[in-house]
Amino acid sequence: MEVTPTQAGTNATATGSANVQAAVSALGSDVFLRLLVTQLQSQDPTNPVQNEEFVAQLAQFTTLEQATSTNKLLEKLIGQDTQRTQLDLVNLIGRTVVAQGDTVSIAEDEQPTLAYALSGEARSVIIKVVDSGKQVVRTIESTDIQKAGANQVQWDGLNDSGDRVPEGVYQFIVQAVDANEQPVPNFTFARERVMTIAFGTESPVVLQSGKTLHTEDILSIL
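Please read all numbers here as calculations on a predicted model, not as lab measurements.

## A short note on the overall build of the protein chain
Alright, step 1. Helix and strand content of the protein chain: three helices and eleven strands.
Alright, step 2. If you list the helices and strands of the protein chain from N to C, you get α-α-α-β-β-β-β-β-β-β-β-β-β-β.
Alright, step 3. Evaluated residue by residue, the protein chain yields a buried proportion of 29% over its 222 residues.
Alright, step 4. For the protein chain, long-range pairs separated by at least 24 residues make up 67% of all intrachain contacts whose partners lie at least 6 apart in sequence.
Alright, step 5. Approximately 14,200 Å² of the protein chain is accessible, and the part contributed by carbon and sulfur atoms is 52%.

## Details of the packing of aromatic side chains
Two descriptors summarise a pair of aromatic rings, namely the distance from one centre to the other and the angle between the planes of the rings.
Alright, step 1. Taken as a whole and judged by the stated rule, the model has two aromatic pairs.
Alright, step 2. Each ring, one from Trp155 and one from Tyr170, has its centre 5.5 Å from the other, and the planes form 80°; the classification is edge-to-face. Separated by 15 residues along the polypeptide, Trp155 in the loop between strand 6 (149–154) and strand 7 (168–177) and Tyr170 in strand 7 bring together distant segments of the chain.
Alright, step 3. Note on Tyr170: relative accessible area 6%, which makes it buried.
Alright, step 4. Arranged with centres 5.4 Å apart and planes meeting at 70°, the rings of Phe187 and Phe189 form a pair that is edge-to-face.
Alright, step 5. You can call Phe187 partly exposed: its relative accessible area is 41%.

## Comments concerning the environment of Arg193
Alright, step 1. Relative to the assigned elements, Arg193 resides in strand 8 (residues 186–197).
Alright, step 2. Classification of Arg193 as buried rests on a relative accessible area of 19%.
Alright, step 3. C-alpha of Arg193 to C-alpha of Ile221: the two residues are 28 residues apart in sequence and 9.8 Å apart in space.
Alright, step 4. Look past the residues within four positions of Arg193 in its chain and what remains in contact with it is Gly94, Arg95, Thr96, Ser105, Ala107, Glu110, Val206, Leu207 and Gln208.
Alright, step 5. A polar side-chain atom of Arg193 sits 3.4 Å from a polar atom in the side chain of Glu110.

## Observations regarding the confidence of the model for the protein chain
Alright, step 1. On average, residues of the protein chain carry a pLDDT of 78, and 61% of them reach 70 or more.
Alright, step 2. Note that pLDDT drops below 50 for residues 1–14; the model gives that stretch two contacts with residues more than four away or on any other chain.

## Brief notes about the side chain of Asn159
Alright, step 1. In this fold, Asn159 is placed in the loop between strand 6 and strand 7.
Alright, step 2. A polar contact of 2.9 Å, which involves the side chain of Asn159, links it to the backbone nitrogen of Ser161.
Alright, step 3. Not counting chain neighbours up to four residues away, the residues in contact with Asn159 comprise Val137, Arg138 and Val165.

## A look at unusual backbone geometry
Alright, step 1. Not every positive phi belongs to a glycine, and Asp109 is a case in point at roughly 65°.
Alright, step 2. Note on placement: Asp109 falls in the loop between strand 2 (103–106) and strand 3 (113–118).
Alright, step 3. Using a relative accessible area of 64% as the deciding quantity, one classes Asp109 as exposed.
Alright, step 4. One non-glycine residue, Glu181, lies in the positive phi region at around 65°.
Alright, step 5. Inspection of the secondary structure puts Glu181 in the loop between strand 7 and strand 8.

Reading the values: the criteria
- The numbers attached to residues start from 1 for each chain and follow its sequence in the written order.
- It should be noted that, the model being predicted, local features are given only for residues of pLDDT at least 70 and side-chain atom pairs only at 80 or more, the latter also being counted only at that level, while totals for whole chains, interfaces and linings use all residues.
- Each side-chain value is derived from all of the structure's non-hydrogen atoms; neither hydrogens nor water enter the calculation.
- Helix and strand assignments follow DSSP, with helices taken as H or I runs no shorter than four residues and strands as E runs no shorter than two, numbered in order from the N terminus.
- Partly exposed describes any residue whose relative accessible area lies between the buried limit of under 20% and the exposed limit of over 50%, with all areas from a 1.4 Å probe on protein chains only and scaled to the type maximum.
- Note on contacts: a residue pair is in contact if any heavy atoms of the two residues lie within 4.5 Å.
- Every accessible area reported is derived by Shrake-Rupley at a probe size of 1.4 Å, with residue values counting cover from the shown protein chains alone.
- Two aromatic rings from Phe, Tyr or Trp, using only the six-membered ring of Trp, form a pair when their centres are within 6.5 Å; if the ring planes differ by under 30 degrees the pair is stacked, by over 60 it is edge-to-face, and anything between is tilted.
- Pairing of N or O atoms within 3.5 Å defines a polar contact, subject to two protein rules: one partner must be a possible hydrogen donor and the other a possible acceptor, and residues neighboring in sequence count only if both atoms are side-chain atoms.
- Values of pLDDT, the confidence the predictor places in each residue, fall between 0 and 100.

Here you go:
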């Protein structure tokens, strides 16, 4: 196939651009620019560099230099954003966060909220609070009709004997039935205290129960 002068020039320009990119990457912008100046100073007067070639090299060099500066700026901004994110995470320590789950932290004199969502209307709801030994310490029953959607019950922090339960993390189980005594599906929301932050891990937020959360798992901060 015959190659026209225009095609040849285009191919040469593309090849030249690729060579410039490779040279800048390998040598660095400062070294490449010094070599380019040296090339002009020592060129053969009888066979000088063509104006088009020289302009193309400078244009390509300028483009690459701008791209390099932009990349460095982006890296700096990303680093600053990471630092801000880490600082925000540190501020979570000691706070209570809400996520999907079935655990709740309780401290001295605290009356935690047990939150859940029903898929349909419930005529009766029974909530069982379980300790770390899988023993039911408190049963809370409500015969009031509860609508579908978000619901919550406040636990006074007492067991079925009326005594204050020890501080710690407890599990709660929701059992709901409708007017036909059929189970109403539900899911619960955990409310736990953040104990520490494990930087460098996929789920850095460490809860009182030992469970870990990704930042995207946190629904709200109390």
